[in-house]
2 protein chains.
Amino acid sequence: MTEELKNVLAEFDQLSFHEFIEKYQPYDLAEMVTNLNYEDQIAFFETAPQDLGAEIIEFLEPELQYRIMDHLADDSTITLLNDMSSDKVVDLLLAIHPHQAKILMEFLPEDYREKIKTLMTYEANTAGSLATVDYIGARKSWTIDFTLQHIRKVGHDAELVSYIYVIDTHGKLVGVVSLKDIILQKPTTTLEEIIKEDVISVSVEMHQEEVADILTKYDLVAIPVLTKDHRMIGIITVDDLIDVIHEEATEDIQKLGGSQPLVEPYFKNSVWSVFRKRIGWLLILFVAEAYTGNVLRHYEDTLEEVIALAFFVPLLLGTGGNTGTQTVTTLVRAMAVGEVQFKDFFRVMRKEITTGVFLGLAMGIVTLIRAQILGVGFDIGTVVAITAIFIVIWASFVAAILPLILHKLKVDPAVVSGPFITTFVDGTGLIIYFTLARVMLNL
Amino acid sequence: MTEELKNVLAEFDQLSFHEFIEKYQPYDLAEMVTNLNYEDQIAFFETAPQDLGAEIIEFLEPELQYRIMDHLADDSTITLLNDMSSDKVVDLLLAIHPHQAKILMEFLPEDYREKIKTLMTYEANTAGSLATVDYIGARKSWTIDFTLQHIRKVGHDAELVSYIYVIDTHGKLVGVVSLKDIILQKPTTTLEEIIKEDVISVSVEMHQEEVADILTKYDLVAIPVLTKDHRMIGIITVDDLIDVIHEEATEDIQKLGGSQPLVEPYFKNSVWSVFRKRIGWLLILFVAEAYTGNVLRHYEDTLEEVIALAFFVPLLLGTGGNTGTQTVTTLVRAMAVGEVQFKDFFRVMRKEITTGVFLGLAMGIVTLIRAQILGVGFDIGTVVAITAIFIVIWASFVAAILPLILHKLKVDPAVVSGPFITTFVDGTGLIIYFTLARVMLNL
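How each quantity is defined
- In this numbering scheme, every chain counts its residues from 1 along its sequence in written order.
- Written order decides the labels, with chains lettered from A and ligands numbered from 1.
- Under the rules for a predicted model, residues below a pLDDT of 70 receive no local features and side-chain atom pairs below 80 are neither given nor counted, while totals for whole chains, interfaces and linings still include all residues.
- Note: side-chain values were computed over all heavy atoms of the structure, leaving out hydrogens and water.
- Being paired, for any two strands, means DSSP has found at least two bridges between them.
- Comment: elements are numbered from the N terminus, with helices defined as DSSP H or I runs of at least four residues and strands as E runs of at least two.
- Interaxial angles span 0 to 180 degrees and are taken between N-to-C directions of axes, which are lines fitted to C-alpha atoms, for helices over the stretch in contact.
- Residue contacts follow a heavy-atom distance rule, with two residues in contact if any of their heavy atoms lie within 4.5 Å.
- Values labelled buried area give the accessible surface lost by two parts on being combined, using a 1.4 Å probe and summing over both.
- By definition, a salt bridge exists where a carboxyl oxygen of Asp or Glu is found within 4 Å of a side-chain nitrogen of Lys or Arg.
- We define a polar contact as two N or O atoms separated by no more than 3.5 Å, with the added condition that, inside protein, one atom must be a possible hydrogen donor and the other a possible acceptor, whereas residues neighbouring each other in sequence contribute only through side-chain atom pairs.
- All amino acids are sorted into three groups, where Ala, Val, Leu, Ile, Met, Phe, Trp, Tyr, Cys and Pro are nonpolar, Asp, Glu, Lys and Arg are charged, and the leftover types, Gly among them, are polar.

### Description of the sheet that holds strand S2 (residues 163-167) of chain A
Strand pairing in a sheet is mediated by backbone hydrogen bonds. Such pairs are either parallel or antiparallel. Residue and element names in this part refer to chain A. Strands sit in the order S1-S2-S3 across an open sheet of 3 strands; the sheet is mixed. The open sheet has two edge strands with one neighbour each: strand S1 (136-138) and strand S3 (173-178). Between one strand axis and the next, the sheet turns through 35° on average, direction left out of account. Two elements, S2 and S3, share 5 bridges in a ladder whose sense is antiparallel.

### Some details on the interface of chain A and chain B
On the chain B side, the residues contacting the 110 residues of chain A number 110 residues. Summing both sides of the interface, chain A and chain B together bury roughly 10200 Å²; the carbon and sulfur share of this comes to 68%. The three residues of chain A that bury the most area against chain B are Tyr266(A), Phe267(A) and Phe286(A), which together make up 8% of that side's buried surface. Where chain A touches chain B, the interface holds 2 salt bridges. Two residues, Arg278(B) and Glu352(A), come together in a salt bridge whose shortest N-O distance is 2.8 Å. Summed over the shared surface of chain A and chain B, the result is 35 residue pairs in polar contact (both at pLDDT 80 or more). With 18 residues, helix H17 (residues 271-298) of chain A is the largest single contributor of residues to the side of chain A that touches chain B. Taken together, the residues that form the side of chain A that touches chain B break down as 57 nonpolar, 29 polar and 24 charged.

### What to know about the sheet that holds strand S2 (residues 163-167) of chain B
All names here are of chain B. One open sheet accounts for 3 strands, arranged S1-S2-S3; its pairing is mixed. At either end of the open sheet lies a strand with only one pairing partner, and these are strand S1 (136-138) and strand S3 (173-178). Taken over all neighbouring pairs, the strand axes of this sheet differ in orientation by 35° on average, direction set aside. As judged from the 3 bridges shared by S1 and S2, these two strands associate in the parallel manner. Across the sheet, residue Ala138 finds its bridge partner in S2, namely Val166. The strands that helix H12 (residues 144-154) touches are S1 and S2; relative to S1, the one it contacts most, it runs at about 150°.

The following block contains the structure:
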């Protein structure tokens, strides 16, 4: 497709260019533009219709957006910038050098520039940072007819016109009217008569994950963002929150895998930055795991006397770690999506420990069989099998209780990763193993 | 809140009941209704305004939906069923006993019943199973004015009126017009003049995860669902796909944690069903891990001669497992969200192996220090440290290559869970350890 676009651009023929771009979605065109060489990228935006240009450039990386705008005629840059949705303008301005941002901002009309500056002050990952000011506002007293006229005037720039937000003279949100309701009513009806006053909204500083949860819960397509004194600063649209939902799940998965989450997409991270995200937990876990050395040295005599006990160390610890990882990933995810809370403490513990007991018994049986196959004698086999039972139950217990407690302590439960549980179970599992061995084998 | 609702219901006062329900969102009212006793639930739906009732009942579990409908007057059930969106009706009918479903279906007008029956035939987790027929269709030749009249007539039942779908006489989708465009145009314009013909759509049998990916990519709020011959059967709205995104992330997390994904929310699964989801992988991993016993028995003499080697077994295997888990979770997620594909094979391998080398060197150094602290002598310490370097690099390599290969083989890469990598590294890591020990210590 990119090749075709190149040829079309080389032809310098407006008509065939327009025919070409009409065949594709803005997202697909953006992908093609990314693969063009620099001159063609400029030519593309010089030729493309204005509002489509803005839609397409929104899908590009901020660095590329800037490079293109920097080389377009001022007129084109002004149109592009003003047609882009305000949250994307903010993302662009925050990503480039402050000096470059200052130059770009000169292209914005003053009142819009002030709004953008305010949006730029909100911390990353908060509702404020995701808000766009391109919504349609209205007054209570407006009639349907007048509102429709207003929408016709400003609707071109709005990101989403499914909802009209009714604002009072202090800029406070008083309610919402859906476009559907507007169409269903008589032209003389006022918005006051059909307004829905109880609007789900979020505060500027709310974390994006919480905003996404609210959107998910109430099945919304946009949420208004308010300051503490209830003034409306913008809306967050569902597409931005879908990105948040993906991001947050990715972060949870990386944490559960025992590393610090990568902020950027996979290939955007340098080897050095990936190294730093991983080495921290690796070292912490190493220190925690290191005491297995002390445990084993402590039981050196037992080990020398019955060397066969060593054969089962990886198997027993592995099985314990696996069980713990199963429990912890299921539970941490259930807590992340709100299915499990601290108040469910006893229900969770009962469920996990009961499951753990059954899993333990099952694993005990196969361990006994395995020991016989390896031919280590029935007494050692029994020790190993009983250890398997205990370790599996113990791993289930630890993997269930730790995330619950962390959640209560307001620490992200995803800190208890699979590797964390595995490490914890390794050390404690060895103690269980050798204690049982000493007692049962009279060592 | 539930208590308050109980009191309001006990008063039998329409006015205060309506005042109460106006204060809350349908989702919140649904939560309260769930906590009411049975008589109050019936009373609630007998009293609530019709369209609100349908909105609320959609948030309840199918079993409860059926129980309520079963005890309402037929008139109320008919209204509720017809006001619910068709995808929710399908969910309800598929969840209850076929005999009960048949009775409920009698309440639907015949043509709608036929549509519902068709929707019920689509396999779970496909686009067809998520589709709702409550969209607004129109003809190319319609004027804006006529279209608006049509929307006023049928818009009440539609799930989403942001888009009007233009259908030809064969039921085929020819294009889409946004409500925004309709409002912005003159009343005499025909839809043909403003139609957008290149519509992103999905086929009935597409997997829901793929549908969600498309929605995410193109920032849509709804996607039309078409049969193979391009006939439109309905739309999927963004709220249903957000649920899909959450579900799919949960499944991936559970798989990465080494268990079969639970289909139901956490507490809905019995101990027995959780047990079955976990025991399968535990047994497979047990068998895979079991050969560590053979490896250790094979090196029994080496172990007896230098028992201190045993002290580091859990530490070395643990560190390898942790590194592997970090890599595999990051990579599998990156593949799930489309950041990494098989064509990136060499880029991924280079990145992960380079990172692995640096991590390995770092872990080698701390292992050497740890060995000195435990006082096992410099020769053994060196063996252990070099093993650490090799195991970390090996784990990175295996954890990077396996998901890529599985992806190529069209197997879900999430099969390579943390526990899987840990298990794999345990056995192979032991071989690395003892081979190095024998060579370096001349055993």
